[in-house]
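Examining the three-dimensional arrangement
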Amino acid sequence: MTNPHPQSDRQADTRAISLLNEMTLHEKIGQLQQVNGNGGQVTEHLRSQIKQGLVGSVINEVNADALAEVQRIAIEESRLGIPLLIGRDVIHGFRTIFPIPLGQAASWCEETIKQGAEIAATEASIVGINWTFAPMIDITRDPRWGRIAECLGEDPVLNSRLTAAMISGFQGEDLSSRGSLAACAKHFAGYGYTESGKDYHYANISENELRNVVLPPFKTAVEASVATFMSSFSDLNGIPASASEWLMQDILRDEWQFKGMVVSDWGSIKDLSTHGLTANDKESAYESASAGIDMEMVSTCYQNHFIELMEENKLSEAQLDSMVLRILRLKFQLGLFDDKGKTKKAERFDHLGNDEFLAAAKNAAVKSCVLLQNNTLKNGKKTLPLNVADTSSIAVIGPLADDAYEQMGTWIFDGDEALSISVSSAIKETLKDNTQVKFAKGVSTSRCNKHDGFAEAIECAKDADQVVMVLGEESILSGEAHCRSDISLPGAQEALVDAIAELGKPIVLVIMAGRPLTIASITNKVDAILYAWHPGTMGGPAIRDLLFGYEVPSGKLPVTFPRVIGQIPIYYSQKNSGRPATDSNFVHQNDIPLRAAQTSLGMAANHLDVHFTPLYPFGFGLSYAEFEYKNLELSCQKITSKAPITVSVEVFNKSDIDADEIVQLYIRDLVGNVTRPIKELKHFKRVSIKAKSSKKVEMTLSAKDLGFYGRDNTFLVESGQFHLWVGADSSSGLFAEFVLEA
Ligand code: GLC
């Protein structure tokens, strides 16, 4: 683990130890407690608690005056003057909201994601926040789960690289500087595999799957020097993560040597008795403290029972000291004891949501949108980009077309709706002179099942040259505790598409959602589909610029899109199984002859009623440009532990526009100590290629890149035959083979 500031860590350790030696038992217990804010009010109770040294952190307070006051009380009125950690869910922006993390992941752009986190940290720290509960790096393959919106996709390699970028953005080069926040890798671990996609549920995951798929992003977070971890609510293999010694001690402390602080999730220590792991709060305190959860978020099991457990010799003061040291160490690393202004009210707030930040949010939204379909029309032209010169009237239809709030997405406590610009407003802003822009919602909300708004929408579209529909889910339909058993377009939106399609005009469909939706039933009714996720404050201008060709779509899917919900879980890196589905053995149920013999159908791993492929594969995304991949070369056909190989490919931009392409490198390990996926992403590069020109893209593949955890759950690099693809998504690409001699 490389730590960019080892010197300050040693100093922090020394200072924390000397402070610890002055603390009373109650002051030590106080550091373990995170309390909830009171919406800008510093209550007498909170004053008293802080003054007595019984509070280590405050969560969900964002009022700058209140934060300056609670810090002042902690520093000036408590006996030892220990400042507070001020935590907040700054997940994808603070005042300026960036696309939801799943959308940001579709940019496959570390630079963009780092910049977004930097801006979020700058804005949040201005009001006095010094700790964010992000990045959320749970791997999931279940879009029914509302929290897929917050994650960085289904793949450990993509997720890991974006995790490191986000942590770097939040924490900066020096945690003690004013604009830095302590980041928090969450939710450790296994939350994303929650059964049936319901939140707070349980997951049964083999250790091998955990080590090969679920844990790598968390390991990357440790290597990226993340300051804190958060334990998950969820039950992993019968033990809720907030009481899992295997996760918090064996993996996190012993194997990965993580030195930072671990905070529980909201009440997740108290929840242990609800899970049925413990009988009461005292047992819960024991289980979590023994596992290694340092700070308790809002519930008070530690506060109420830690001393009692020590008196019963169930917990020791040495255990308490190690927990407190990690908390104090973080406060020193953050510079809260030094007069860096981080505990005082800032002089100015005017740059919250400034033009520079808004421009960055727009850039992120442009890169996050994924073009899924772009039909060629009867006139031989592509549906998109729309030609403004040929447009004298445009109809903008749908419940999300003019909703500056909903486009910001989930987890936007502190977003400023006044800064947010909707699609409809952005289009009007651009076309105000020579084009008539008409707007109709068609349905009152995405969930509305009534058709009484259809007539207005049809009237709006009837005489328009262009029709843009903006459909999807309101932000409340994804995010924490907002899971759906049916992930099609809610309400009467599909019927609205049918009604508008009756007009026989080209339809551009923009979808705003916090997850992949099952949209297979409408793809043949529209001519172009731009998937915008929830694009944030500048979603409207970003989408407008993409629709009119001022920007070129470049996003690629960070998650697989199922055809139907019954395919879930479906993801590109599936195992082969003993009877893989192929086109030759797939028989659709509609084609099964009557009285077909049991063995007459393809005996394979598929469903009878849907093709075994996804609607859109991981890594897929179209551009207005056309790229041709040529000349795939390997510097050598053999990789050894001492000699990596360089994989190079030429990407030719055949079009007359400059554009970005995200080049992806996948491998397949044909035979393994445990079965291996049919494809695994190992590298990717976003490259900008000028019109009518080529770019040579090189990526290095090492033996370690090909390692995995085997049947004894130790990491191994195993000799063998490999297939390799380099291309535009997980279902295509130029092919090569090589061997690995470990
Ligand atoms: C929530 C979430 C967690 C969040 C925390 C504080 O319940 O699970 O991701 O950081 O509580 O809001």
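In the block above lies the structure referred to throughout.
Each value, and the rule that gives it
- Residues numbered from 1 in each chain as written.
- Predicted model: local features only at pLDDT ≥ 70, side-chain atom pairs only at ≥ 80, totals over all residues.
- Heavy atoms only, no water.
- Buried < 20%, exposed > 50% of the residue type's maximum accessible area, 1.4 Å probe, protein only.
- Helix = DSSP H or I, 4+ residues; strand = E, 2+ residues; numbered from the N terminus.
- Contact = heavy atoms within 4.5 Å.
- 1 Å grid on protein atoms, 1.4 Å probe; cavity = no way out; pocket = protein on both sides within 12 Å on 5 of 7 lines; lining within 4 Å.
- Points joined across faces, edges and corners; volume = space filled by probe spheres on them.
- Nonpolar A, V, L, I, M, F, W, Y, C, P; charged D, E, K, R; others polar.
- Near = heavy atom within 4 Å.
- Polar contact = N/O pair within 3.5 Å; in protein donor to acceptor, adjacent residues only side chain to side chain.
- Areas by Shrake-Rupley, 256 points an atom, 1.4 Å probe, with all protein chains shown as cover.
- Salt bridge = Lys/Arg side-chain N within 4 Å of Asp/Glu carboxyl O.
- Phe/Tyr/Trp six-rings, centres within 6.5 Å; stacked < 30°, edge-to-face > 60°.

Brief notes about helix H8 (residues 207–214)
- For H8, a buried count of six out of eight residues is recorded, marking the element as mostly surrounded by other parts of the structure.
- Along H8, the residues classified as buried are Asn 208, Leu 210, Arg 211, Asn 212, Val 213 and Val 214.
- Buried residues belonging to H8 abut helix H7 (156–171), helix H9 (216–223), strand E8 (235–236), helix H10 (245–255) and strand E24 (708–709).

Quick look at empty space enclosed by the protein
- Within the structure shown, the criterion is met by five cavities of 30 Å³ or more.
- If you trace the second largest cavity, you find 14 residues lining it, with Gln 31, Ile 50, Gly 53, Ser 78 and Ile 82 closest to the centre.
- Taken together, the residues of the lining of the second largest cavity break down into six nonpolar, five polar and three charged.

Describing the site of the ligand
- In the region of the ligand, 13 residues are neighbours, and Asp 89, Arg 147, Lys 186, His 187 and Asp 265 sit closest.
- Within the side chain of Arg 147, an N or O atom sits 2.8 Å from an oxygen atom of the ligand.
- With respect to the ligand, the side chain of His 187 contributes an N or O atom lying 2.6 Å from an oxygen atom.
- Coverage of the ligand by the protein amounts to 95% of the 310 Å² it exposes when considered alone.
- Residue composition of the shell around the ligand, grouped by class: seven nonpolar, one polar and five charged.

A word on the pattern of salt bridges
- Tallied over the full model, the rule gives 49 salt bridges.
- With a shortest N-O distance of 2.7 Å, Arg 329 and Asp 13 are connected by a salt bridge. In this pair, Arg 329 is assigned in helix H14 (residues 317–333) and Asp 13 in helix H1 (residues 6–20), connecting sequence segments 316 residues apart.
- On the accessibility criterion, Arg 329 (12% relative accessible area) is buried.
- Across the salt bridge formed by Asp 350 and Arg 348, the nearest N and O atoms sit 2.8 Å from each other.
- Taking relative accessible area as the criterion, Asp 350 reaches 54% and is therefore assigned exposed.
- A relative accessible area of 46% places Arg 348 in the partly exposed class.
- Where salt bridges share partners, they join Glu 44, Arg 47, Lys 51, Glu 69, Arg 72, Glu 76 and Glu 77 into one cluster.

A few points about the packing of aromatic side chains
- Scanning the entire structure with this criterion turns up 26 aromatic pairs.
- Judged by centre distance (6.0 Å) and plane angle (70°), the rings of Phe 561 and Tyr 616 are edge-to-face. Of the two residues, Phe 561 sits in the loop between helix H19 (539–547) and strand E18 (627–634) while Tyr 616 sits in the loop between H19 and E18, which places them 55 residues apart along the sequence.
- With a relative accessible area of 0%, Phe 561 lands in the buried category.
- When the ring of Tyr 616 is compared with that of Phe 620, the centres are 5.7 Å apart and the planes differ by 10°; the resulting orientation is stacked.

Any functional reading would require information beyond the geometric quantities listed.
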